[in-house]
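# Geometric and topological summary
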Amino acid sequence: MPNYLQPPRPQPAKALANCLKELEANWHGQAPMAALWQAWPQIAGAELAAHCRPLRIQGSVLWIGVEQAHWLLALRYAKHQLLGALRGAGFPLQRLELEQRVQNPLADLASGDSAASWANHPSRVDVHGIAACPRCEIPTPAGEIKRWGCCSLCLRQIEKIIITNN
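Bear in mind that the values here come from a model prediction, so they are computed numbers and not experimental data.

The rules behind each value
Residues numbered from 1 in each chain as written. Predicted model: local features only at pLDDT ≥ 70, side-chain atom pairs only at ≥ 80, totals over all residues. Heavy atoms only, no water. Helix = DSSP H or I, 4+ residues; strand = E, 2+ residues; numbered from the N terminus. Contact = heavy atoms within 4.5 Å. Areas by Shrake-Rupley, 256 points an atom, 1.4 Å probe, with all protein chains shown as cover. Disulfide = S-S within 2.5 Å. Axes fitted to C-alpha atoms, helices over the stretch in contact; angles between N-to-C directions. Parallel < 35°, antiparallel > 145°, perpendicular 65-115°, else oblique. Left-handed = near helix turned anticlockwise from the far one by under 90°. Nonpolar A, V, L, I, M, F, W, Y, C, P; charged D, E, K, R; others polar. Core = buried A, V, L, I, M, F, W, Y, C linked by side-chain atoms within 4.5 Å. Buried < 20%, exposed > 50% of the residue type's maximum accessible area, 1.4 Å probe, protein only. Phe/Tyr/Trp six-rings, centres within 6.5 Å; stacked < 30°, edge-to-face > 60°. Lys NZ or Arg CZ within 6 Å of the ring centre and 35° of its normal. Salt bridge = Lys/Arg side-chain N within 4 Å of Asp/Glu carboxyl O. Bend = angle between axes of the 7 residues up to and from the residue.

This paragraph deals with the overall build of the chain. In terms of regular secondary structure, the chain is built from nine helices and five strands. Helices and strands appear in the chain in the N-to-C order α-α-α-β-β-α-α-β-α-α-β-β-α-α. A fraction of 35% describes how many contacts in the chain between residues 6 or more apart in sequence connect residues 24 or more apart. Per element, the accessible surface of the chain, about 12100 Å² overall, is 57% carbon and sulfur.

Below, the structure is given as structure tokens:
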């Protein structure tokens, strides 16, 4: 008669190579995003992979984040080729959706364009000073008032009113 209070016997040991193959098979089957992240540079190519990343898979749709507008345009033109490469690599996708996203905005501040843009940004109090918003009288960066005629919070309220009335 078996003793049900004792734990079951452990499985026999497997070779490390077999464990790694099994892990990789499970990774591809159960976690397609992890496998896609790993294979992305080979599928998309080094140049494109440096400027866009897979974000999520919803059903049979892959969402891809793209850094800048010109890379977004390039990816739109290469969309069908990329989808074919993904299918060829074993990812059963039907469609690609693209989103413009900055991967690491703080890392780009050192570049010339970003540094120049930030140097004159309207929300910089140290550059433009501070003033009271003419609509709500809250202290606001003077650059925002000069640019929009009010603070960014009042501007958002004005935009909501315009959007809801149209």
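This paragraph deals with the state of the cysteines. Applying the stated criterion to the full structure yields zero disulfides. Cysteine Cys136 remains unbridged, with the sulfur of Cys154 as its closest cysteine sulfur at 3.6 Å. Its sulfur unpaired, Cys151 is 3.6 Å from the next cysteine sulfur, which belongs to Cys154.

Helix-helix packing: each pair is described by the crossing angle between the helix axes and the interaxial distance. Between helix α2 (residues 32-44) and helix α5 (residues 79-88), whose axes approach to 10 Å, the crossing angle comes to 130°. Judged on the interaxial angle alone, α5 and α2 are oblique. α2 and α5 meet at a crossing whose hand is right-handed. Together, Leu36, Trp40, Ile43 and Ala44 of α2 and Leu82, Ala85 and Leu86 of α5 make up the contact between the two elements. A breakdown of the residues in the contact of α2 with α5 according to their chemical character gives seven nonpolar, no polar and no charged.

Core analysis: the largest hydrophobic core is formed by 22 residues, its most contacted members being Leu36, Trp40, Leu62, Ile64, Leu75, Leu82 and Leu86. It is α2 that contributes the most residues to this core, six residues altogether. Here Leu82 is in contact with Trp40, Ile43, Ala44, Ile64, Leu75 and Leu96, once residues within four sequence places are set aside. Counting residues in hydrophobic clusters, the runner-up holds five residues, among them Cys133, Cys150, Cys151 and Cys154.

Our focus in this paragraph is the packing of aromatic side chains. Following the criterion strictly, the structure yields zero aromatic pairs and no others. The ring of Trp63 is capped by Arg56, whose NZ or CZ atom sits 4.6 Å from the centre of that ring.

Applying the stated criterion across every chain yields a total of two salt bridges. Notably, a salt bridge pairs Arg56 with Glu99, separated by 2.9 Å at the nearest N-O pair. Of this pair, Arg56 sits in strand β1 (residues 52-58) while Glu99 sits in strand β3 (residues 95-100), placing them 43 residues apart in sequence. As a salt-bridge pair, Glu97 and Arg95 come within 2.7 Å of each other at their nearest N and O atoms. Judged by its relative accessible area of 44%, Arg95 falls in the partly exposed class.

Our focus in this paragraph is α2. Since there are 3.6 residues in each turn of an α-helix, residues three or four apart along the chain are aligned in direction. Residue Gln38 marks the point of greatest curvature in α2, where the axis turns by about 50°; the proline Pro41 follows within four residues. Within the span of α2, buried status applies to Met33, Ala35, Leu36, Trp40, Ile43 and Ala44.

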